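# Topology and contacts: notes
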4 protein chains.
Amino acid sequence: MKTKIGFIGLGNMGASMAKNLIDSGYHLQVYNRTLSKVDELGTDSVTKCQSPAEAAANVPFLITMVSDDEVLRESAVGDGGILKTLQPNAVHISMSTISPGTSEELARLHEQSGNRYLASPVFGRPEAAAARKLWICVSGDEQTKTDARPILDLLGQEVIDFGPSAGGANVVKIAGNFMIMASMEMMAEAFTLAEKNGLSRMQVADFFSSTLFNAPIFQSYGKALAGKQYQPVGFKSKLGYKDARLAFKLSQTSEMPMPIANAVHSRLLTAIAKGWGENDWVEGIGRGVSEDAGI
Amino acid sequence: MKTKIGFIGLGNMGASMAKNLIDSGYHLQVYNRTLSKVDELGTDSVTKCQSPAEAAANVPFLITMVSDDEVLRESAVGDGGILKTLQPNAVHISMSTISPGTSEELARLHEQSGNRYLASPVFGRPEAAAARKLWICVSGDEQTKTDARPILDLLGQEVIDFGPSAGGANVVKIAGNFMIMASMEMMAEAFTLAEKNGLSRMQVADFFSSTLFNAPIFQSYGKALAGKQYQPVGFKSKLGYKDARLAFKLSQTSEMPMPIANAVHSRLLTAIAKGWGENDWVEGIGRGVSEDAGI
Amino acid sequence: MKTKIGFIGLGNMGASMAKNLIDSGYHLQVYNRTLSKVDELGTDSVTKCQSPAEAAANVPFLITMVSDDEVLRESAVGDGGILKTLQPNAVHISMSTISPGTSEELARLHEQSGNRYLASPVFGRPEAAAARKLWICVSGDEQTKTDARPILDLLGQEVIDFGPSAGGANVVKIAGNFMIMASMEMMAEAFTLAEKNGLSRMQVADFFSSTLFNAPIFQSYGKALAGKQYQPVGFKSKLGYKDARLAFKLSQTSEMPMPIANAVHSRLLTAIAKGWGENDWVEGIGRGVSEDAGI
Amino acid sequence: MKTKIGFIGLGNMGASMAKNLIDSGYHLQVYNRTLSKVDELGTDSVTKCQSPAEAAANVPFLITMVSDDEVLRESAVGDGGILKTLQPNAVHISMSTISPGTSEELARLHEQSGNRYLASPVFGRPEAAAARKLWICVSGDEQTKTDARPILDLLGQEVIDFGPSAGGANVVKIAGNFMIMASMEMMAEAFTLAEKNGLSRMQVADFFSSTLFNAPIFQSYGKALAGKQYQPVGFKSKLGYKDARLAFKLSQTSEMPMPIANAVHSRLLTAIAKGWGENDWVEGIGRGVSEDAGI
């Protein structure tokens, strides 16, 4: 009989991760707000659950990959929340992008309930999730990290340990997302400056992303920003704004002024205000820079 | 007999470039504000000149690598300037980091004098210059680019052509420098955020520079910023500030709002105001972020 | 027998307001976190209460003047909260500086409890409170505004009606506080610019505050900022930062980019990070500007 | 016979000032780039001049009120410039809004020519100029200030002495203009925040400008910004941007970071980029804030 794992959250990222676990021989107890998504997994290695609590019952590991702090908190401590059913010593592998404060709070609540919490946010787009190429940042209790490691190894290319604090890995994730959106803004500014001076945005992007900035972020987003390639919508501006808010909030709670975080927060807030929340964040950022430049 | 080239400006970059040309068999007519620097080249393949005009006399190519727009303009149009002596059809290869407006102005003046101007700014630190690993951006007249190419090939690993406008290559150089300092600021913010949350700056830097941001800029400056490694002084804050001013000025003349350029300009202006102009710009940026964070 | 009013919060502002009500013939049922403050009122027209609920029992009006949203929410809906005891139709006159969202939430909860809520934030420093010179902004239900009016008239020089929404008056209060701190920052920048150019900060301040900017804000804060008069501590930087956070949060929930709100938020966050939270906000802002300027 | 005064620059401000001098019994030697403007003065107390030099010949005082540093410098040191003709000891009363550096440079040049320079920038709109209600800031040599005083008293309601430095008064003028545009931006942000929360912009503006901010700047611009009253065009956005550039440049040369100056500079640069340079700066600022807010 297959080992069971609880799984909550079948968004773009979660669905690919769930498939990988199934392919690796696990049986998943899955809860998703939109239940029909569970059927799309198209396999009998899945049990469809009506609540987070149901997904969390009788499993050694429960993975959550949900949209934000509020959904995660509700999934954990709400009426049908996982704390109601999670068995002693079971591990909640928390992979969503959330604030470290939420991780710390949940770690305490899990401890009080006799089970365990592990912050495990990831870097990588859905394609990377599908290809088991995620970078997984973890932090928290040593034994918990050791115990969860075999599961995490099935989902990513590398697991990086950021120490013992419950929320440390979330700080790294937020810092990384901040660096990504700052890179996008800075490219949009540089390319639009070039455009206003009669140069080819794409040539400038190609040059930088093959020399000083020859890293994935600059290659993928650089091409999209240079080409004003706003379709199809991959990552929505409103999700980018959510991440910018997380960075801004962390800057507040950390008593840590971050001028560039301010700038990208403003950029994405402006995108939301202009009604571009459902548009790709390449548009939210790139078009914002262009409009301010009068083009 | 060796071919002669005029050469003006033996700073960190220029001195390495001059040596490479000598090693490749050229005889240089060199002018440098501090004349003793010419002697340090330690070779008889050099003629020490008392003025830019003297360096520019009777050569097919004249290279300038000076500190800023003002020095270059004075070298060109001043009393002992190169326009006084440059022979018909000779090419002024202008490799300094200057504003595109200065290139356009000089291109016109050279044309009026019957000779030629080629904007050829470079990317790369002095080590790259010594190793002939510079990236050289050019723009301007086609024939001039073709004629100067053999010289440029001796100085860098690649020559990238940014089209026909006199100042286009300077725009690319300024945009690139802007992206470099923006990357430094964003790393300083991210690492200090991590530090304030109990994480290791260096581990966070290593993680990013080996994954999403595995590009030279993030590896070299990332390590220095994470380690608060402010000695020895490589590139001074006041030079970084000069570049930030160029970016800001270009944003003005291009009618192109650049929020992140504003942020880095403020950071470096603050460094100057605090008296750190002679310190490495890693300190100018990194220490500024730390002090604002109260650490 | 005197009419009774409930009163919660004897801070600098609240204490003066409470005295005015007592002087006008009311008997107050007072709750304050630090109970000894109640004794300082030094009168037998006061009943010392052990909880907000006790203060709210059997009164037609209950005034709250507390430090922030969290304290107010706890005072209202907590275990010993006023919703436990407030009699039918009684009015909660909510004078604290809080977010409009909290007012809207509390208005709903009061309605569900059969009583009433009135947002009534004020402008004016403690001296103005003592002199019944506050400007009181109200918004909400018409009848409630009419009913509370006689009480409010005892506390301020003017009551301004900002319409029917539960949180409208709070928006005005937050906008006003934003304008005050923006004015302080802009004066600090202007005066320090003058100082760095060899002029007298005070003369510049006097000139502006007696001509184009001859309004109270520029006269009082202008003098303090120009004179770097940081003692005694009137309004703490951490309270200023709280107000900046309210403005920033409202800018987020209103989908409304506010560059100057960003700037003042950063200034006060920096003050907090540098450890100046207990210092007057004139220092938090003015010293911050000076230090960035290297003086 | 009437005393002669030289006068250069018949813009909105200059024309009113010239009329006042004529009404006070002076005969003006006037130069204006658009010569037909001189005829509009409609009086025989004027001599129309073909160059600044002609206007400056044989007069004890020469007033300049031109658009910017470049025009002033050209008027002074150009081929037909006033330094060519200004008689010994005559005073150049320089009333334009220019950088202190230009004043310092011109003061030196005048001294070398045996005559005198007095920085005398003014605050007030054209209506104030017409009504002799300007505030005139002066700085420089004591005797020169004393000698020019009778003329200045005919033009404004007050002459404020900012000490002995040649450019001090210009610093005050730039600081004041910065405070005005910062006030406009902060009002636009506050009113739009109110609007997005369902409040009346005008009511909020009226409240603030009759209480905490009851100063001319907030009354006049507040009404215009609240009412989105963008016609007729009084002061063009491109002139506001010019002043923002002066403030920014002074922040650079003074080594003085000014976050709010950055914000207003960006706002006006954006207005220029969007093609609103000829529109009133109330539109340049107010509409910019609104568009960013999606309204």
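Residues numbered from 1 in each chain as written. Chains lettered and ligands numbered in written order. Predicted model: local features only at pLDDT ≥ 70, side-chain atom pairs only at ≥ 80, totals over all residues. Heavy atoms only, no water.

What follows concerns the overall build of chain A. Along its length, chain A carries 13 helices and nine strands. Taking 295 residues into account, the globule formula puts the C-alpha radius of gyration at 19 Å, and chain A, at 20 Å, falls close to it. Each principal axis of the C-alpha distribution contributes one length, and for chain A these read about 65 × 45 × 35 Å. Approximately 10200 Å² of chain A is accessible, and the part contributed by carbon and sulfur atoms is 49%. Between the centroid of the 28 positive side chains of chain A and the centroid of its 31 negative side chains there is a distance of 4 Å. (Helix = DSSP H or I, 4+ residues; strand = E, 2+ residues; numbered from the N terminus. Rg over C-alpha atoms; globule rule 2.2 N^0.38 Å. Areas by Shrake-Rupley, 256 points an atom, 1.4 Å probe, with all protein chains shown as cover. Lys, Arg positive; Asp, Glu negative; His and termini not counted. Charge placed at Lys NZ, Arg CZ, Asp CG, Glu CD.)

Before going further, it helps to examine the environment of C:K84. Residues and elements named next belong to chain C. Within the secondary structure, K84 sits in the loop between α4 (69-77) and β5 (91-94). In this structure, the C-alpha to C-alpha distance between K84 and S113, residues 29 residues apart in sequence, is 8.8 Å. Residues contacting K84, with those up to four places away along its chain left out, are A53, G78 and D79. (Contact = heavy atoms within 4.5 Å.)

It is worth spelling out the UniProt feature "active site" (unreviewed entry) in chain A at this point. All names here are of chain A. In this structure's numbering, the residues bearing the UniProt feature "active site" (unreviewed entry) are K173. The topology assignment puts K173 in helix α8 (residues 168-196). A relative accessible area of 9% means that K173 is categorised as buried. What K173 contacts, discounting residues up to four positions off in sequence, is T97, P121, V122 and F123. In this structure the side chain of K173 is engaged in a polar contact, spanning 2.9 Å, whose partner is the backbone oxygen of V122. (UniProt positions renumbered as here; feature names shortened; annotations may be inferred. Buried < 20%, exposed > 50% of the residue type's maximum accessible area, 1.4 Å probe, protein only. Polar contact = N/O pair within 3.5 Å; in protein donor to acceptor, adjacent residues only side chain to side chain.)

Here we take up the sheet that holds strand β4 (residues 61-64) of chain A. Residue and element names in this part refer to chain A. Across the sheet, six strands lie side by side as β3-β2-β1-β4-β5-β6; this open sheet has parallel pairing. Every other strand in the sheet has two partners, leaving β3 (46-48) and β6 (116-119) as the edge strands with one partner each. Averaged over neighbouring strand pairs, the angle between their axes works out to 20° when direction is ignored. Bridge analysis of strand β1 (residues 4-8) against β4 gives three bridges, and the strand direction is parallel. (Pairing = 2+ DSSP bridges. Axes fitted to C-alpha atoms, helices over the stretch in contact; angles between N-to-C directions.)

Between chain B and chain A, the residue contacts involve 54 residues of the former and 54 residues of the latter. For the pairing of chain B and chain A, the buried interface totals around 4900 Å² over both sides, and the portion due to carbon and sulfur atoms is 80%. Three residues, B:M179, B:L193 and B:L212, lead the burial of chain B against chain A; their summed loss comes to 14% of the area buried on that side. Looking at the side of chain B that touches chain A, the elements that each hand over two or more residues are β8 (134-138), β9 (156-161), α8 (168-196), α9 (201-209), α10 (216-226), α11 (237-253), α12 (259-273) and α13 (281-292) of chain B. In terms of residue class, the side of chain B that touches chain A is built from 37 nonpolar, 10 polar and seven charged. (Buried area = accessible area lost by both parts, 1.4 Å probe. Nonpolar A, V, L, I, M, F, W, Y, C, P; charged D, E, K, R; others polar.)

If you trace the backbone, B:T270 turns up in helix α12. Not counting residues up to four positions away in its chain, the partners in contact with B:T270 are C:D292 and D:P257.

All names here are of chain A. Partitioning chain A into structural domains gives domain 1 (4-165) and domain 2 (170-292). On a C-alpha basis, the centroid separation for the pair domain 1 and domain 2 is 28 Å. Opposite the 17 residues of domain 1 that make contact, domain 2 presents 16 residues. Interface area for domain 1 against domain 2, summed over the two sides, is near 1300 Å², with a carbon-plus-sulfur share of 63%. Ranking the residues of domain 1 by area buried against domain 2 places T97, F123 and R125 at the top, with a combined share of 42%. On inspection of domain 1 and its partner domain 2, the count reaches zero salt bridges. Run the count over domain 1 and domain 2 and you get five residue pairs in polar contact (both at pLDDT 80 or more). Elements that contribute at least two residues to the side of domain 1 that touches domain 2 include exactly α5 (100-112) and β7 (122-123). (Domains from an automatic or database assignment. Salt bridge = Lys/Arg side-chain N within 4 Å of Asp/Glu carboxyl O.)

Next up on the list: the relation of the copies chain B and chain A. Of the transformation superimposing chain B on chain A, the axial component is 0.0 Å and the angular component is 180°, with the fit at an RMSD of 0.0 Å. The superposition of one copy onto the other is thereby described by a two-fold rotation axis. No C-alpha of chain B approaches the rotation axis more nearly than that of B:A215, which lies at 2.5 Å. Most of the interface of chain B is mirrored in chain A, where 100% of its interface residues are also at the interface. (Least-squares fit on C-alpha atoms with pLDDT ≥ 70 in both.)

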